[in-house]
Amino acid sequence: MALLDRVAVVGSRGQLGVDVMAAFADRAPLALDRPAFDLERPESMAALLAEHRPTLVINTAAFHDVERCETEPALAFAVNTLGADALAAACRDAGAALMHVSTDYVFDGAARTPYPESAPPAPLSAYAISKAAGERMIARHGDAWFVVRTCGLYGVAGSRVKGTTFAETMLRKARAGEHIRVVSDQTVAPSHTRDVAQGMRAIAESERFGIYHVTNAGACTWYEFAAEIFRQAGIAAHLSPISSTEFTTRARRPAYSVLANDGLRAIGYAMPTWQQGLHDYLLAKGLLTAPA
Ligand SMILES: NC(=O)c1ccc[n+]([C@@H]2O[C@H](COP(=O)([O-])OP(=O)(O)OC[C@H]3O[C@@H](n4cnc5c(N)ncnc54)[C@H](OP(=O)(O)O)[C@@H]3O)[C@@H](O)[C@H]2O)c1
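Residues numbered from 1 in each chain as written. Predicted model: local features only at pLDDT ≥ 70, side-chain atom pairs only at ≥ 80, totals over all residues.

**Q** Tell me about the overall build of the protein, and please be specific about residues and values.
**A** Along its length, the protein carries 10 helices and 12 strands. Taken against the 2.2 N^0.38 rule, which gives 19 Å for 292 residues, the C-alpha radius of gyration of the protein at 19 Å falls within 12% of a compact globule. Counting all 292 residues of the protein, 47% fall into the buried class. Across the protein, the fraction of contacts at a sequence separation of at least 24, relative to all contacts at a separation of at least 6, is 81%. (Helix = DSSP H or I, 4+ residues; strand = E, 2+ residues; numbered from the N terminus. Rg over C-alpha atoms; globule rule 2.2 N^0.38 Å. Buried ≥ 20, exposed ≤ 12 C-beta atoms within 10 Å, placed from the backbone. Contact = placed C-beta atoms within 7 Å.)

Encoded structure:
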């Protein structure tokens, strides 16, 4: 039986989940969502996986409100750690491989060159610790798993948690004539969920289990990302850089969380640049008025 025979997607209504459903559309993926399929209720997962017997389960679902995770660590661990653990156990019992989505935040950001898949995690926040622990819990149930770490997601569906994307927020503020201040000391690889989903498809097709970093290519600060959004959208904005110390948050975030897409390269797959990913997103959203 091939890995792609029966694909199921957990969190199919999420920002990434919508694009994963599209990237595997030719496999007619089964959507597994709350309340019927709940990472907080192991029995709900075991029952549905035993019934449908998928060959590959792709988990895009998480509790990833980074600020709320600081004050609700029990919920972060219930979903991101124990939920991932129970899902991996249910996959093992149903004979399914698991592709689980994780985060650049598993790293502390002390590096100044892109993190390879083999770099040791050193998470800083409750969210990041719960996700790093989730990765480890999955690995205890066998070898039939992929962990896909990604970064700075935005997609046409918009984040379920935030209800919008960074780009949409920037454009709304610019149109309202606001003075926009964006942190210029956090370096990331902002990633279009459509590109990430296609990278995930390539990984699944490779059938080579393990950890993969899947982001758009290149790197920028959030400030540089905002400037590029305004440039591509052809909108003049009053934008200035600030440091993260001026923008107080509960959760500590890595100053540098660029991921080297080495695993993808090893299977012969190249991700588009973050500028291209942004262009495609703005085009799909009807927000592009200037050439990229
Ligand atoms: N957003 C980022 O910038 C970013 C960066 C790096 C990594 N990631 C990771 O990427 C993945 C996808 O993020 P996203 O931006 O697509 O998130 P999203 O739009 O907020 O979607 C998250 C999905 O998770 C589902 N979910 C939450 N708790 C659940 C539970 N207990 N049981 C079942 N489903 C549950 C939600 O279900 P409902 O539809 O019922 O709300 C929603 O569909 C997550 O694993 C996240 O940790 C995100």
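The structure having been displayed, the exposition proceeds.
**Q** Provide a residue-level description of the site of the ligand, including the pertinent values.
**A** Around the ligand, 28 residues are found, and the nearest of them are Gly14, Gln15, Ala61, Ala62 and Arg160. Mapped onto the shell around the ligand, the elements with two or more residues apiece are helix H1 (15-23), helix H4 (73-94) and strand E4 (97-103). Sorting elements by how many residues they give to the shell around the ligand places H1 first, with 3 residues. (Near = placed C-beta within 6 Å.)

**Q** Describe helix H10 (residues 274-284), naming the residues involved and giving the relevant values.
**A** Among the residues making up H10, those that are buried are Trp274, Gly277, Leu278, Tyr281 and Leu282. The arc that holds every buried residue of H10, seen down its axis, measures 130°, which confines them to one face. The secondary structure elements touched by the buried residues of H10 are strand E6 (153-154), helix H6 (166-175), strand E9 (191-192), helix H7 (193-206), strand E11 (220-221) and helix H8 (222-233). Immediately downstream of H10, the backbone of Gly286 shows phi near 70°, a positive value. (Arc of directions from axis to C-beta.)

**Q** Which residues make up the sheet that holds strand E3 (residues 56-59), and what are the values?
**A** With parallel pairing, 6 strands are arranged side by side in an open sheet as E2-E1-E3-E4-E5-E10. Edge strands, defined here as strands with exactly one partner in the open sheet, are strand E2 (30-32) and strand E10 (210-213). Each strand axis lies, on average, 20° off the axis of its neighbour in the sheet, ignoring direction. As defined by bridge partners, strand E1 (residues 7-10) adjoins E3 across 4 bridges and the pair is classed as parallel. (Pairing = 2+ DSSP bridges. Axes fitted to C-alpha atoms, helices over the stretch in contact; angles between N-to-C directions.)

**Q** Describe in detail H1, supporting the description with residues and values.
**A** Burial analysis of H1 places 8 of its 9 residues in the buried class, the great majority of the element. Residues of H1 that are buried: Gln15, Leu16, Gly17, Val18, Asp19, Val20, Met21 and Ala23. Taken together, the buried residues of H1 touch E1, E2, E3, E4, E6 and H7.

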